[in-house]
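As a plain string of letters, each chain reads:
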Amino acid sequence: MRDADNPADSQWPLWEVFLQPPNGAAHEHAGSVHAVSAEQALENARDVYARRGEAVSIWVVPSSAITASTPDDMGPFFDPGNDKPYRHPQFYKVPRGVRVF
Amino acid sequence: MANETGPSDPQRDETAKVAEFEARIARGESIEPKDWMPERYRKQLIRMMSQHAHSEIVGMLPEGNWITRAPSLRRKMSLIAKVQDEAGHGLYIYCGTETLGVDRRELIDQLLNGTAKYSSIFNYPTLTWADIGCIGWFVDGAAIVNQTMLAKASYGPYARAMVRICKEENFHKRQGYEIMATLASGTPEQKAMAQDAVNRWWWPSLMMFGPHDSDSPNSDELKRWGVKKKSNDELRQRFVNLTVAQAKAINLTLPDPHLEYDAATENWHFGEIDWAEFWRVVKGDGPCNRERLAARNKAHHDGEWVRVAAGAYAAKQRRSETEAA
């Protein structure tokens, strides 16, 4: 039934969908959609991920345009942050008796 | 890393990787698409998630059957919204499955050519309006029990899709239960219609949880890898326990003379499932297997002009943008 050689019968490029919830939080990844254009990707994202007022704003990004860190370099990649405990408030002592700081 | 048999013993590397992978699962970490995972874990997830996605899509057919004949505008709006949700659920899960390195197109081809499986419950016909109520109450109710567990699955994209689905599934169950409650308190004919639907859907709904643990070849592995946290029989028991009281509340009788409460275990014991029927439907000989597949193929085929038109429109837009530039 399905004509695999028919170029029009395509699943189209993949887009990643980010939704901003109404409470003012940042855009968050929701999933992905297939779409033929950016405009259609936005409409599909609305229909698939925002049927119940989940979003006040939607971003769609071609999946191929995303550069991500890889699990293999996770350790070394994040290392510059991990060995600097003095960036956290717990590193510092507060005199006894000070309850609310 | 020190390795007595040489730095590149693939067997040994694999064993170490599996051990680290299982340790991550034991620590409750979430496995993400780019993480190393055993090939078998990937295969099992692709199988399970694509079957789940197909079930959502095929599940639209028995319900869509009643959209034109819903008894009121209120019921009709609810049913359209519910069927649209099922399409959305299918898409969430297909998109999650694609993160495992498989194309949605391949998966849909497998559904259309009959090599993929989907939940057998959708191979039963929807003969009356009460069947729509029963699907929401039983089938979506059973799905909630299963999906609430899967929302804690070890594979991140699957678990996240389940969280999204569970939020929407409660509406499905409540609209179904409301239909049943209304019919059950209606005329004698309406009550009889509701009871008849219960009689036909109860056992197939129990079959949705799959074979007994002792006959479920995939269960152990899926549990060890944190995909499933509970066994088929445990989930089925939970569903029965929840549903008995709901049936009682609307004066409908579950068609099982062996249903009996066991105070010691706090479980409702139930009779033996007809496994011969289960395997018959799984293997393709249910009442509607062929009809469902034919309907899916027709829908896909009939939709082709829409895909062609959308492609042509996008190409035209791109051309006019280039010319304008």
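As the structure is a prediction and not an experimental result, all values here were calculated from the model.

## Details of the nonpolar core
Ranked by internal contacts, the top residues of the largest apolar core, which has 78 residues, are Cys134, Met180 and Ala194 of chain B. In terms of residue count, helix 6 (residues 129-150) of chain B provides more of this core than any other element does, 12 residues in total.

## Let's talk about the sheet that holds strand 2 (residues 28-34) of chain A
Residues and elements named next belong to chain A. Ordered by their spatial adjacency, three strands build an open sheet running 2-1-3, and the pairing between neighbours is antiparallel. At either margin of the open sheet sits one strand with a lone partner, and together these are strand 2 and strand 3 (57-62). Across the sheet, the mean angle separating the axes of adjacent strands is 30° when strand polarity is ignored. Across the sheet, helix 1 (residues 38-49) lies against strand 1 (14-20), strand 2 and strand 3, angled at about 125° from strand 3, the strand it touches most.

## Describing the packing of helix 7 (residues 156-184) of chain B against helix 8 (residues 188-207) of chain B
Residues and elements named next belong to chain B. For the pair helix 7 and helix 8, interaxial distance at closest approach is 7 Å and the crossing angle is 135°. Judged on the interaxial angle alone, helix 8 and helix 7 are oblique. Contacts between helix 7 and helix 8 pair Met180, Leu183 and Ala184 from the former with Gln190, Lys191, Met193 and Ala194 from the latter. In terms of residue class, the contact of helix 7 with helix 8 is built from five nonpolar, one polar and one charged.

## Observations concerning the interface of chain A and chain B
Taken together, the 15 residues of chain A in the interface contact 21 residues of chain B. If you tally residues by element for the side of chain A that touches chain B, the top one is strand 2 of chain A, at three residues. By residue class, the composition of the side of chain A that touches chain B is five nonpolar, seven polar and three charged.

## Remarks on the confidence of the model for chain B
All names here are of chain B. For chain B, the mean per-residue pLDDT works out to 93, and 98% of the residues sit at or above 70. Model confidence for chain B, summarised as mean pLDDT per element, is weakest for helix 9 (residues 219-224) at 88 and strongest for helix 8 at 98. Scoring of the predicted complex yields 0.90 for pTM and 0.86 for ipTM.

## What to know about the pairing of strand 2 of chain A
Residues and elements named next belong to chain A. Most of strand 2 sits inside the fold, with five of its seven residues counted as buried. Here strand 1 pairs with strand 2 via six bridges, running antiparallel. What sits directly across from Val17, in strand 2, is Gly31.

Quick notes on the rules
- Residues numbered from 1 in each chain as written.
- Chains lettered and ligands numbered in written order.
- Predicted model: local features only at pLDDT ≥ 70, side-chain atom pairs only at ≥ 80, totals over all residues.
- Core = buried A, V, L, I, M, F, W, Y, C linked by C-beta atoms within 7 Å.
- Buried ≥ 20, exposed ≤ 12 C-beta atoms within 10 Å, placed from the backbone.
- Helix = DSSP H or I, 4+ residues; strand = E, 2+ residues; numbered from the N terminus.
- Pairing = 2+ DSSP bridges.
- Axes fitted to C-alpha atoms, helices over the stretch in contact; angles between N-to-C directions.
- Contact = placed C-beta atoms within 7 Å.
- Parallel < 35°, antiparallel > 145°, perpendicular 65-115°, else oblique.
- Nonpolar A, V, L, I, M, F, W, Y, C, P; charged D, E, K, R; others polar.
- pLDDT = per-residue confidence, 0-100.

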